[in-house]
Amino acid sequence: MAQRVYNFSAGPAALPLPALEEAQKNLLVYPGAGASIMEISHRSKQFAEVLAGAKDNVQKLLNLPENYKVLFIQGGASLQFSMIPMNFLGEGKSADYILTGSWGNKALKEAKKSGTVNVAWNGKEEGFNRLPQQDELKLDPKAAYCHFTSNETIEGVEFFVEPETGDVPLVCDASSDILSRPLPIEKYGLIYAGAQKNIGPSGVALVIIRDDLLARVPEGLPSMLDYKIAADNDSLYNTPPCFAIYMIKLVTQWLLDDIGGLEEVASLNKKKARLLYTMIDGSGGFYRGHAVKEARSVMNVTWRLPSEELEQQFVKEATAAGMHGLKGHRSVGGIRASIYTAMTLEGVE
Ligand code: PMP
């Protein structure tokens, strides 16, 4: 297979071609380094520029105020499931979890190991096909934080308005919709995302954290699991995933320079999703979307066919036609088209 296919994989997922080409161009010799970015010190001038560039781009894209820090942490989004409660859910504290899909459930499972949790809403009984209304949330005004998953990658439900949590810090797993649209950043205490869907390769999580949360980190955590140590050392407490951070820099540069910022990114993504959902809705019931309309994800479009046999046939024929990665997650079946920012409009058409 010499050609690149239309890649609908949920993650690791398609990356923008210009970013891949730039990496390819510099793969053997990073300008000024005489070696690749993978082969030089993480404390070199060249890597310092890469790291600063990646942080700067995220800051620009999201319009981050001064009191937010941008961190790069290994261990994927799953390590964040553990780090968040380890850093913020100590003795005598409780945290709220809003469950709108499989990933939120995994986050909850890890939090339970650190302390008390309150399930503020659980969409499991309804097959995780919708989001809660604000007045359905059983929030604890004294919670240490409230965790939600802005886009549930498996079920394909996405929040477009943040839950209102008052003074309780809002913590968000944005793994599958980070940098896909602008965010009212001041509503968030902490946002995290495994990079491998919208912003880069696997091996690193982007964490955006507000200073007042950093100030709450207790003493004595293992150093690698301590947000304050990560922030104090500018993500360089140990050797970071240099190549992954380099790729994030290239992808965010592409979002800024080629697409033109998150308003444009959002508009492109909405256009792609609309196209696909219109086809599903116009199929006379042959294709059935999983999520209710108001909760439909712009990133992961999930649907069913009349039978599993037809779904298998659909995936097989799509693959033969150069459209890969359309099989739904093994836990729910069906079809899933992951159309993150790097998926072109042409691919969706
Ligand atoms: N959260 C969400 C919303 C995800 O989609 C995923 C991965 N598919 C994860 C968490 C776990 O990410 P990782 O594999 O980076 O731990």
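To start, this report covers the structure provided alongside it. Note that residues are indexed from 1 along each chain, following the sequence as it is written. This being a predicted model, a pLDDT of at least 70 is required before a residue's local features are given, and a value of 80 or more before pairs of side-chain atoms are given or counted; all residues contribute to the totals for chains, interfaces and linings. As a rule here, side-chain values cover all heavy atoms of the structure and leave hydrogens and water aside.

### Structural notes on the sheet that holds strand S12 (residues 300–304)
Piece 1. Criterion used throughout: strands pair if DSSP finds at least two bridges between them. Labels follow the DSSP assignment, with helices taken as runs of H or I lasting at least four residues and strands as runs of E lasting at least two, numbered in each case from the N terminus. The strand order across the open sheet formed by three strands is S11-S12-S14, and the pairing between neighbours is antiparallel. On the outer flanks of this sheet lie strand S11 (288–289) and strand S14 (335–338), each paired with one strand and no other.
Piece 2. Relative to S14, S12 runs antiparallel, the two sharing four bridges. Each bridged residue has a counterpart across the sheet, and for Thr 302 the counterpart in S14 is Arg 336.

### Focus on the site of the ligand
Piece 1. The immediate surroundings of the ligand are formed by Gly 76, Ala 77, Ser 78, Phe 81, Trp 103, Thr 149, Asn 151, Thr 153, Asp 173, Ser 175, Gln 196 and Lys 197.
Piece 2. Here a polar contact is taken to be a pair of N or O atoms separated by no more than 3.5 Å, where protein atoms must pair a possible hydrogen donor with a possible acceptor and residues adjacent in sequence count only if both atoms sit in side chains. Interatomic distance of 2.4 Å between a side-chain N/O atom of Thr 153 and an oxygen atom of the ligand.
Piece 3. Shrake-Rupley sampling with a 1.4 Å probe provides the accessible areas, and residues are treated as covered by the protein chains on show and by no other component. When the free accessible area of the ligand is taken as 400 Å², the share hidden by the protein chains comes to 85%.
Piece 4. With four residues, helix H3 (residues 76–88) is the single largest residue contributor to the shell around the ligand.
Piece 5. Residues of the shell around the ligand, tallied by class, amount to three nonpolar, seven polar and two charged. One heavy atom within 4 Å of a molecule or strand is enough for the residue carrying it to be called near that molecule or strand. Throughout, the ten residues Ala, Val, Leu, Ile, Met, Phe, Trp, Tyr, Cys and Pro are labelled nonpolar, Asp, Glu, Lys and Arg are labelled charged, and all others, Gly among them, are labelled polar.

### Observations concerning the packing of helix H2 (residues 45–62) against helix H7 (residues 242–259)
Piece 1. In the contact formed by H2 and H7, the axes pass within 8 Å of each other and the chain directions differ by 40°. By the angle between their axes, H2 is oblique relative to H7. Our pair here, H2 against H7, has a crossing hand that is left-handed. Each of Phe 47, Val 50, Leu 51, Gly 53, Ala 54, Asn 57, Val 58, Lys 60 and Leu 61 in H2 lies in contact with H7, whose residues at this interface are Cys 242, Ile 245, Tyr 246, Ile 248, Lys 249, Thr 252, Gln 253, Leu 255 and Leu 256.
Piece 2. Partitioning the contact of H2 with H7 into residue classes produces twelve nonpolar, four polar and two charged. Helix axes use the C-alpha atoms of the stretch in contact, all axes being lines fitted to C-alpha atoms, and the angles between their N-to-C directions lie in the range 0 to 180 degrees. The scheme is simple: roughly parallel for angles under 35 degrees, roughly antiparallel for over 145, roughly perpendicular for 65 to 115, oblique for anything else. By definition, turning the near helix anticlockwise from the far helix through less than a right angle yields a left-handed crossing, and turning it clockwise yields a right-handed one. Contacts: residue pairs with any heavy atoms within 4.5 Å of one another.

### A word on the packing of helix H1 (residues 17–25) against H7
Piece 1. Taken N-terminus to C-terminus, the directions of H1 and H7 make an angle of 135°; their axes are 9 Å apart at the nearest point. In terms of axis orientation, H1 runs oblique to H7. The element H1 and its partner H7 pack so that their crossing is right-handed. Here Pro 18, Ala 19, Leu 20, Glu 22 and Ala 23 of H1 come into contact with H7, specifically with Tyr 246, Met 247, Leu 250, Val 251, Trp 254 and Asp 258.
Piece 2. Grouping the constituent residues of the contact of H1 with H7 by class yields nine nonpolar, no polar and two charged.

### A few points about the packing of aromatic side chains
Piece 1. Planes of paired rings set the category: under 30 degrees apart is stacked, over 60 is edge-to-face and the rest tilted, where pairs are Phe, Tyr or Trp rings (Trp by its six-membered ring) whose centres lie within 6.5 Å. By the definition in use, this model includes twelve aromatic pairs.
Piece 2. Ring centres of Phe 81 and Tyr 192 lie 6.3 Å apart, and the angle between their planes is 80°; on these two criteria the pair is classed as edge-to-face. Placement of the pair is Phe 81 in helix H3 and Tyr 192 in strand S9 (residues 190–194), with a sequence separation of 111 residues. Grouping residues by exposure puts Phe 81 and Tyr 192 together as buried.
Piece 3. Ring geometry for Tyr 287 versus Trp 303: centroids 6.4 Å apart, planes at 85°, classification edge-to-face. With a gap of 16 residues between them, Tyr 287 in the loop between helix H8 (262–281) and S11 and Trp 303 in strand S12 connect regions that are remote in the sequence.
Piece 4. A relative accessible area of 24% places Tyr 287 in the partly exposed class.
Piece 5. These aromatic residues form a ring-pair network of at least three members: Phe 286, Tyr 287, Trp 303 and Phe 314. Exposure categories follow from relative accessible area, calculated using a 1.4 Å probe and restricted to protein chains: below 20% of the type maximum is buried, above 50% is exposed, and the middle band is partly exposed.

### Examining the sheet that holds strand S2 (residues 68–73)
Piece 1. With mixed pairing, seven strands are arranged side by side in an open sheet as S2-S10-S9-S8-S5-S3-S4. Either end of the sheet is taken by a strand with one partner, and the two such strands are S2 and strand S4 (116–122). When the angles between neighbouring strand axes are averaged without regard to direction, this sheet yields 20°.
Piece 2. Judged from the four bridges that link them, strand S5 (residues 146–149) and strand S8 (residues 170–173) form a sheet pairing that is parallel. Opposite His 147, over in S8, you have Val 171 as the bridge partner.
Piece 3. Packing against the sheet, H3 makes contact with S2, strand S3 (94–99), S8, S9 and strand S10 (205–210), and its axis sits at approximately 155° to S9.
Piece 4. Of the strands in this sheet, S3, S4, S5, S8 and S9 are in contact with helix H4 (residues 102–112), which crosses S3 at around 160°.

### Examining the pattern of salt bridges
Piece 1. Each salt bridge in this description consists of a side-chain nitrogen of Lys or Arg and a carboxyl oxygen of Asp or Glu lying within 4 Å of one another. Within the structure shown, the criterion is met by 16 salt bridges.
Piece 2. Here Asp 211 makes a salt bridge to Lys 69, at a shortest N to O gap of 3.0 Å. In this pair, Asp 211 sits in helix H5 (residues 211–214) while Lys 69 sits in strand S2, placing the two residues 142 residues apart along the sequence.
Piece 3. On the basis of relative accessibility, which here comes to 31%, the residue Lys 69 falls in the partly exposed class.
Piece 4. As a salt-bridge pair, Glu 311 and Arg 304 come within 2.8 Å of each other at their nearest N and O atoms.
Piece 5. The exposure class assigned to Glu 311 is buried, which follows from its relative accessible area of 6%.
Piece 6. Beyond isolated ion pairs, a larger network of salt bridges with shared partners links Glu 126, Arg 130 and Glu 136.

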